[in-house]
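Structural description and commentary
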Amino acid sequence: MSNLNRGIIYFLVLSFNFGCASFPKKREPSSRINLTNIQQLNGKYSLREIYSGPTKDTASAWNFSESDLGHYPTFFDELNNGMFVKQLKTDASNSYTFTLNILNSKRIEINYFKDDCIINQNTIRYKFKDDGYFYLKNRNFKIKGIPYVLGGFFYKRNRITLNKDNNLLFETSEFMSVGMFLLRVAPFSKMKYEKIYQRLE
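Throughout what follows, the structure given in this document is the object of discussion. Quantities reported herein were computed from a predicted structural model and do not represent experimental measurements.

Criteria and cut-off values
- Residues numbered from 1 in each chain as written.
- Predicted model: local features only at pLDDT ≥ 70, side-chain atom pairs only at ≥ 80, totals over all residues.
- Heavy atoms only, no water.
- Helix = DSSP H or I, 4+ residues; strand = E, 2+ residues; numbered from the N terminus.
- Buried < 20%, exposed > 50% of the residue type's maximum accessible area, 1.4 Å probe, protein only.
- Contact = heavy atoms within 4.5 Å.
- Areas by Shrake-Rupley, 256 points an atom, 1.4 Å probe, with all protein chains shown as cover.
- Salt bridge = Lys/Arg side-chain N within 4 Å of Asp/Glu carboxyl O.

Quick look at the overall build of the protein chain now. Across its full length, the protein chain holds two helices and 10 strands. Each helix (α) and strand (β) of the protein chain, taken in turn from the N terminus, gives the series α-β-β-α-β-β-β-β-β-β-β-β. The buried share among the 201 residues of the protein chain stands at 47%. A fraction of 59% describes how many contacts in the protein chain between residues 6 or more apart in sequence connect residues 24 or more apart. Counting every atom, the protein chain has about 11,000 Å² of accessible surface; 55% of that belongs to carbon and sulfur.

Let us look at the pattern of salt bridges. Taken as a whole and assessed by the stated rule, the structure comprises seven salt bridges. The residue Glu201 makes a salt bridge to Lys44 at a minimum N-O spacing of 3.8 Å. Of this pair, Glu201 sits in the segment after strand S10 (185–197) while Lys44 sits in strand S1 (residues 43–46), and the two are 157 residues apart along the sequence. Judged by relative accessible area, which is 60%, Glu201 ranks as exposed. Residue Arg159 pairs with Glu171 through a salt bridge whose shortest N-O separation is 2.9 Å. Here Arg159, found in strand S8 (residues 150–162), pairs with Glu171, found in strand S9 (residues 168–179); they are 12 residues apart in sequence, far enough to count as distant. Neither residue differs from the other here; Arg159 and Glu171 are each classed as buried. What emerges from the salt-bridge pattern is a single network uniting Glu49, Glu78, Lys156 and Lys195.

This is how it looks when you write it as structure tokens:
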């Protein structure tokens, strides 16, 4: 197989993976976030969700979704899941929260608290689409090992908005594909789910 053909196949595989990580279509949020009302996202929220459930793509016939199955127990873990990032340890004797603070038209600051002390922080780029969601542009594409030989691709997309109760609605779409030899694609897991984080302030 020529290098050109390998490149074409490689591109098609990547396109397939990214398409599988798309969000459900035709889902209208109850609260539409845009540049004029983005400050409504500012506030303090519970670090653990009060609801978690799978979402479905009504526009796709090929649809199999799962909830997060405990992979990401906190909001911090949802956004910080790199190969060398440890999960945030929590215990029942302390209160854990996070705050959102819109810095400007491109960046948002997220502070994580144990009781009243900051224990971690993210500054993440974001963008808007015309669907009422706020898309986080954090590092969400990972390669482990040698893709489709002894490894695979991991792609995770996140978006947020507010629900009718003014709580934070978080949606994610994640596709993990591990491989075999000769670029044979072996889908391992596909997750599309939503979580609700309670607004505290």
